[in-house]
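The lines below spell out each chain.
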Amino acid sequence: EPRHLGGKAIIVRSFARIHETNLKKQGMLPLTFADPADYDKVQPGDKISINGLTSFAPGVPLSCTLTHGDGTTDTFALNHTFNENQIGWFKAGSALNKMAEGK
């Protein structure tokens, strides 16, 4: 499971719908490049920061800041398809954790 290996987000050009939903249930952030050309900005060794999580809401894109090895940065938009319930899964760490909170 990616989250147990230290993963927090998966950023891709596109997802199969079932894979995207499974990642959400695991508490991961499945994100897509708003502009597919931004994929080419990612370099090996980049530090990746996901911005906008404090105001994470349905229909509102997040942003990503890459800090490259030479200290330069690139920032670009990331899309998501989360609804309110799924955002709750993310904040709780997974869908199962969210269900356990209700007991």
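Everything below is about the structure shown above.
For clarity, every value in this text was computed on a predicted model and none was experimentally measured. (Residues numbered from 1 in each chain as written. Predicted model: local features only at pLDDT ≥ 70, side-chain atom pairs only at ≥ 80, totals over all residues. Heavy atoms only, no water.)

## Here we look at helix α1 (residues 17–25)
Residues lying three or four places apart along an α-helix face the same way, a consequence of the helix completing one turn every 3.6 residues. Three or more residues of α1 are buried, namely Glu20, Leu23 and Lys24. The buried residues of α1 occupy one face: seen down the axis, they fall within an arc of 100°. Close packing links the buried residues of α1 with β1 (9–12), β2 (29–33) and α2 (84–92). Phi turns positive, to about 85°, at Gly27, one or two residues after α1. (Buried < 20%, exposed > 50% of the residue type's maximum accessible area, 1.4 Å probe, protein only. Helix = DSSP H or I, 4+ residues; strand = E, 2+ residues; numbered from the N terminus. Arc of directions from axis to C-beta. Contact = heavy atoms within 4.5 Å.)

## Observations regarding the pattern of salt bridges
Using the criterion set out here, one finds three salt bridges in the structure. Measuring nitrogen to oxygen at the nearest pair gives 3.6 Å for the salt bridge that ties Lys98 to Glu101. Here the residue Lys98 and the residue Glu101 both occupy positions in helix α3 (residues 95–101), the gap between them amounting to three residues, near one helical turn. For Lys98, a relative accessible area of 38% corresponds to the partly exposed category. (Salt bridge = Lys/Arg side-chain N within 4 Å of Asp/Glu carboxyl O.)

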